[in-house]
Amino acid sequence: MNNKVKKDQLVATFSIVAADPATGEVGVAVQSKFLAVGSVVPWAKAGVGAVATQSWANTAYGPEGLALLEKGLSPEAVIDKLIADDPGRSLRQVAVINADGEASAFTGHECYDWAGHKIGKHHSCQGNILVSEKTVSEMSKTFEESSGPLAERLLQAISAAQHAGGDSRGKQSAAVYVLQKEAGYGGYNDVKVDLRVDDHPEPIKELQRLYELHKMYAAPSAEKLPIKEDVLMVIVEQLVKLDLLASVDHSSYDSEVKEALKTFCLRENFDDHWSEEALIDESVLEYLKKQ
């Protein structure tokens, strides 16, 4: 481990590490008055757990913490080993959670006020240089009261934290990072959500906007509509408008309309939404209407 205390690496922020044992999701969400905080704080590995390292951040805590979790150490034991030989530990803040939802956290006694953490069911919330303890307590409360995919719960939690005061220095960047076995693009990796806002006046709001786009592209809607009657008419009209179809003279979902719609879907990166059947994903239809 690199044990140097580098005085130019203060990452004052608030974050949450969390796991959903039922789905196998693990992840981190974070916000800070710091450029590109997503490149420093969040670390995770599917089936293993997650780590958030901040406040004079020792980034070695991320990969080393995950390696220790993978060996079977408890989150508390992982933190004990991470800080044991680190001369900068009094300035560090770190949280660790395993895939079973067991969490532990450490806030060094020299971290700048307000600094602290709160461990709850399947999560840990922590922050430093915050307006008050309320930032962390509201983040934890909101997570415990939320439901749905882990990324959405994490975003709700950091949004509540910001409304409760947030970083006393202001806002600049935010990130959400969630892993789940084979949940990445095409099922080839485990990265379910990896979104960052590196420099923005409202980083959490921008992160939420990006997440809505992510859902549209990466997660097909549960609702697929039959392509006939009014739905067919809308599709044909919009495809003509986009110069993908020659005319509106189509009373059925013929091969010409199908090929034009397929071209549109692939061009707009809706690969996972495409169906060879006479069906259209509801979110794709809504997107097409806005073109």
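Residues numbered from 1 in each chain as written. Predicted model: local features only at pLDDT ≥ 70, side-chain atom pairs only at ≥ 80, totals over all residues. Heavy atoms only, no water.

*Asks:* Looking at this structure, I do not really get the packing of helix H1 (residues 61–70) against helix H2 (residues 75–84). What am I missing?
*Replies:* When two helices pack together, their arrangement is captured by the angle between the axes and the distance separating the axes. Between H1 and H2, the shortest axis-to-axis distance is 9 Å and the interhelical angle comes to 135°. It follows from the interaxial angle that H1 and H2 lie oblique. Taken as a pair, H1 and H2 cross one another with a handedness that is right-handed. Residues Tyr61, Glu64, Gly65, Leu68 and Leu69 of H1 form the contact with H2, whose own contacting residues are Pro75, Val78, Lys81, Leu82 and Ile83. For the contact of H1 with H2, the per-class residue count stands at seven nonpolar, one polar and two charged. (Axes fitted to C-alpha atoms, helices over the stretch in contact; angles between N-to-C directions. Helix = DSSP H or I, 4+ residues; strand = E, 2+ residues; numbered from the N terminus. Parallel < 35°, antiparallel > 145°, perpendicular 65-115°, else oblique. Left-handed = near helix turned anticlockwise from the far one by under 90°. Contact = heavy atoms within 4.5 Å. Nonpolar A, V, L, I, M, F, W, Y, C, P; charged D, E, K, R; others polar.)

*Asks:* I'm lost on H1 in this one. Help?
*Replies:* Because each turn of an α-helix spans 3.6 residues, side chains separated by three or four positions end up pointing in the same direction. Those residues of H1 that fall on the buried side of the exposure criterion are Tyr61, Gly62, Gly65, Leu66, Leu68 and Leu69. For H1, the buried positions fall inside an angular range of 160° around the axis, keeping them on one side. On its buried side, H1 packs onto strand E3 (42–45), strand E4 (49–54), H2 and strand E5 (93–98). (Buried < 20%, exposed > 50% of the residue type's maximum accessible area, 1.4 Å probe, protein only. Arc of directions from axis to C-beta.)

*Asks:* I keep staring at the nonpolar core and nothing clicks. Help me out?
*Replies:* Side chains that are nonpolar tend, in soluble globular proteins, to be buried together. Ranked by internal contacts, the top residues of the largest apolar core, which has 25 residues, are Ile16, Met139, Leu154, Ile158, Val176 and Leu207. Of all the secondary-structure elements, those providing two or more residues to this core are strand E1 (13–20), helix H3 (134–145), helix H4 (150–163), strand E9 (173–179), strand E10 (191–197) and helix H5 (203–218). The dominant element in this core, judged by the number of residues it contributes, is H4, at seven residues. Apart from residues lying up to four places away in sequence, Leu154 is in contact with Ile16, Ala18, Gly27, Val28, Ala29, Phe143, Val176 and Val178. Val231, Leu239, Val257 and Phe270 belong to the second largest nonpolar core, which has 22 residues in total. (Core = buried A, V, L, I, M, F, W, Y, C linked by side-chain atoms within 4.5 Å.)

*Asks:* Could you clarify how one ought to interpret the environment of Arg89 in this entry?
*Replies:* Turning to its location among the elements, Arg89 is positioned in the loop between H2 and E5. The partly exposed category is assigned to Arg89, whose relative accessible area is 38%. Put simply, Arg89 and Leu155 are 66 residues apart on the chain and 29 Å apart in space, counted from C-alpha to C-alpha. Filtering out sequence-adjacent residues up to four positions away, Arg89 remains in contact with Ile83, Ala84, Phe106 and Gly108. One polar contact links the side chain of Arg89 to the main-chain carbonyl oxygen of Asp86, over a distance of 2.9 Å. (Polar contact = N/O pair within 3.5 Å; in protein donor to acceptor, adjacent residues only side chain to side chain.)

*Asks:* Is there a simple way to explain the packing of helix H6 (residues 229–241) against helix H8 (residues 282–289) in this structure?
*Replies:* One can describe the packing of H6 onto H8 by two numbers: an axis separation of 10 Å at closest approach and a directional angle of 45°. Taken together, H6 and H8 sit at an angle that is classed as oblique. As H6 packs across H8, the resulting crossing turns out to be left-handed. Side by side, H6 and H8 meet where Val231, Val234, Ile235, Gln238 and Leu239 of the first sit next to Leu285, Leu288 and Lys289 of the second.

*Asks:* Just checking my understanding: could you explain the domain arrangement of the chain for this structure?
*Replies:* Taken as a whole, the chain is organised into domain 1 (13–218) and domain 2 (224–289). The centre of domain 1, based on its C-alpha atoms, is set 40 Å off from the matching centre of domain 2. Between domain 1 and domain 2, roughly 510 Å² of surface is buried when both sides are summed, and carbon and sulfur atoms account for 51% of that area. It is Tyr185, Met216 and Tyr217 that lose the most area in domain 1 upon contact with domain 2, and together they represent 90% of the buried surface on that side. Linking domain 1 with domain 2 are zero salt bridges, by the criterion used here. In this structure, the connection of domain 1 to domain 2 is made through two residue pairs in polar contact (both at pLDDT 80 or more). (Domains from an automatic or database assignment. Buried area = accessible area lost by both parts, 1.4 Å probe. Salt bridge = Lys/Arg side-chain N within 4 Å of Asp/Glu carboxyl O.)

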